[in-house]
Amino acid sequence: MDFDFSEEQRMFKEAIHSFAEKEISPLVDEAEKTATFPLQLFPKMGELGYLCVRYPAEYGGAGIGKIGDCISVEEVSYFSVGIAAGTMVQGGIGTSAIYARGSEDQKQKYLVPAIAGQRIAAFGLTEPNAGSDAASIETIATKRNGKYVLNGTKMFITNGNICDFVVVAAYTDKSKGARGGVSLFVVEKGTPGFTRSKLHKFCARSGEIAELTFEDCAVPEENLIGEEGRGFPYLMETLMGGRISHAARSLGLARVAYDESLEYAKARVQFGQPIAKFQTNAFKLARMAMELEAARWLVYYAAWLYDQDKPYVKEAAMAKLYASEVAAHITTEALQINGGYGLMEESVAQRYFRDARLGTITEGTSEIQQLVISREIGIR
Ligand SMILES: Cc1cc2nc3c(=O)[nH]c(=O)nc-3n(C[C@H](O)[C@H](O)[C@H](O)COP(=O)(O)OP(=O)(O)OC[C@H]3O[C@@H](n4cnc5c(N)ncnc54)[C@H](O)[C@@H]3O)c2cc1C
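Cut-offs and rules
Residues numbered from 1 in each chain as written. Predicted model: local features only at pLDDT ≥ 70, side-chain atom pairs only at ≥ 80, totals over all residues. Heavy atoms only, no water. Buried < 20%, exposed > 50% of the residue type's maximum accessible area, 1.4 Å probe, protein only. Helix = DSSP H or I, 4+ residues; strand = E, 2+ residues; numbered from the N terminus. Pairing = 2+ DSSP bridges. Salt bridge = Lys/Arg side-chain N within 4 Å of Asp/Glu carboxyl O. 1 Å grid on protein atoms, 1.4 Å probe; cavity = no way out; pocket = protein on both sides within 12 Å on 5 of 7 lines; lining within 4 Å. Points joined across faces, edges and corners; volume = space filled by probe spheres on them. Nonpolar A, V, L, I, M, F, W, Y, C, P; charged D, E, K, R; others polar. Near = heavy atom within 4 Å. Polar contact = N/O pair within 3.5 Å; in protein donor to acceptor, adjacent residues only side chain to side chain. Areas by Shrake-Rupley, 256 points an atom, 1.4 Å probe, with all protein chains shown as cover. Contact = heavy atoms within 4.5 Å.

Participant: So what's going on with the pairing of strand β1 (residues 121-124)? Residues and values would help.
Facilitator: When a strand is regular, its side chains alternate between the sheet's two faces. With burial as the criterion, each face of β1 is covered, one bearing Ala 121 and Phe 123 and the other bearing Ala 122 and Gly 124. The sheet contact formed by β1 and strand β4 (residues 165-171) spans four bridges and is parallel. By the bridge assignment for β4, Ala 121 is matched with Phe 165.

Participant: Tell me about the pattern of salt bridges, and please be specific about residues and values.
Facilitator: Within this structure, the stated rule accounts for 17 salt bridges. For Glu 75, the salt bridge identified is with Arg 255, shortest N-O distance 2.9 Å. Here Arg 255 lies in helix α8 (residues 231-267) and Glu 75 lies in helix α3 (residues 65-79), a separation of 180 residues in the sequence. Judged by relative accessible area, which is 12%, Arg 255 ranks as buried. One salt bridge in this structure joins Arg 101 and Glu 237, with 2.4 Å as the shortest N-O distance. Taken together, the residues span a long stretch of sequence, with Arg 101 in helix α5 (residues 96-101) and Glu 237 in helix α8 at a distance of 136 residues. A network of salt bridges, in which partner residues are shared, links Lys 13, Glu 74, Glu 75 and Arg 255.

Participant: Report on empty space enclosed by the protein, specifying residues and quantitative values.
Facilitator: The gaps left among the atoms become clear once a water-sized probe is rolled over them. The tally for this structure, following the rule as stated, stands at three cavities of 30 Å³ or more. For the largest cavity, the calculated volume is near 70 Å³. Taken together, Met 45, Tyr 50, Leu 51, Asp 69, Ser 72, Val 73, Val 76, Ala 84, Thr 87, Met 88 and Gly 91 make up the full set of residues lining the largest cavity. Listing elements by their share of the lining of the largest cavity, those giving two or more residues are α3 and α4 (81-91). Here the lining of the largest cavity is composed, by residue class, of seven nonpolar, three polar and one charged.

Participant: Provide a residue-level description of the site of the ligand, including the pertinent values.
Facilitator: Taken together, the neighbourhood of the ligand is formed by 19 residues, with Thr 126, Ser 132, Phe 156, Thr 365 and Glu 367 sitting nearest. Separating an oxygen atom of the ligand from a side-chain N or O atom of Ser 132 is a distance of 2.6 Å. Protein chains shield 65% of the accessible area of the ligand, which is 970 Å² for the free molecule. Mapped by element, the contributors of at least two residues to the shell around the ligand are β1, β3 (147-158) and α13 (366-376).

Participant: Which residues make up the side chain of Lys 154, and what values go with them?
Facilitator: By secondary structure assignment, the location of Lys 154 is in strand β3. Separated by 2.8 Å, the side chain of Lys 154 and the backbone oxygen of Ala 169 make a polar contact. Once residues lying within four places of it in the same chain are set aside, the contact partners of Lys 154 are Gly 124, Leu 125, Thr 126, Glu 127, Ile 137, Thr 139, Val 168, Ala 169, Ala 210, Glu 211, Leu 212 and Phe 214.

Participant: I'd like a rundown of the layout of surface pockets, residues and numbers included.
Facilitator: There is about 1200 Å³ of room inside the largest pocket. For the largest pocket, the lining is made up of 44 residues, of which Thr 126, Ile 361, Thr 362, Glu 363 and Gly 364 are closest to its centre. When residues in the lining of the largest pocket are grouped by element, the largest group, seven residues, is from α8. Looking at side-chain class alone, the lining of the largest pocket contains 25 nonpolar, nine polar and 10 charged residues. Put simply, the parts of the chain that give the lining of the second largest pocket at least two residues each are α1 (7-34), α3 and α9 (279-307). Broken down by element, the residue count for the lining of the second largest pocket peaks at seven residues, all from α9. Residue composition of the lining of the second largest pocket, grouped by class: eight nonpolar, two polar and nine charged.

Have a look at this one:
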């Protein structure tokens, strides 16, 4: 078994880390304070080919697969989980269905400019009455005069208020149930009947989310992605692959919280010695290092399975569940190691602690990941 990154992957990791350090890190404080995504990053990252790296070169991607995608998400998250949330949607759930199931025209119109950072993507599944239970969505799309007319509301949509287009899930035929009655549509910003309002959260503030409303919002027939009624299986494909990138986001956050805690514990002196030398802190840091390593293997193993076209559903759910819980634990320990300084507003430790909350809830809560794993091990 070869557990190492290839030369190409190693070089990409260094390049994206150094880009994020130079170009993203200086924007983070202001973006967090104002709860605003720095929009200039989309064209900048797109131009350098850093936005949607897993897509093939023919559409402008780097063609470096899920492992490449995870490297990119991990390194951006090392500097900002909020910003990674926005860029992740662009290379993940906002464009996955278009890439996998869309027409060539849709790919040229939406995927290619998204990869180049010229158009911002979003993905709208969650609704006020449908979160974990995605089949209970109430948005409907009715075919009328050669168009689909959408009515419904989408909740907590990342990039929702800044996107140029959003992939929306809606029932085209409720009588067929979710598996045969849901379809996916691309809705463009500015379409009459499509309105959005920004929502505010206490964590990952630079990643913007919004509530989207569709009121008699008519989209052309050609905005249907793939086949009518096949939306639910397409959604599952999107979400299952997305879990691995999500896990990489938690990994990046856990890593920075660990790195900075270790450095702080070695530098901070109490009772005449670095606090790292007190066994309670040394053991905390040892456990953090171990958890980080285990999470890393799970994330990149799941990504490798995905890239090899091998079954990956169980491992993707395990990676998301484990890495997000590791991030929650490591960021909590990091806060304790930082003492009173960690509680100050200007401390990054408190930001890491807040940001970790995102990982166990979004794109399938920890409970839902356990449901998936239990099904995969034969409990139905
Ligand atoms: C910051 C942020 C960004 C988001 N971005 C997007 C986006 O871009 N697009 C999008 O479509 N959605 C997005 N979401 C929605 C997100 O995926 C949902 O919040 C998440 O899936 C949980 O749904 P819910 O909040 O309705 O919680 P609920 O489903 O109401 O769950 C509440 C609690 O009950 C538990 N629970 C529910 N069902 C079960 C069960 N069967 N067994 C055991 N426990 C259960 C859950 O685990 C949770 O603890 C985002 C959410 C946030 C907060």
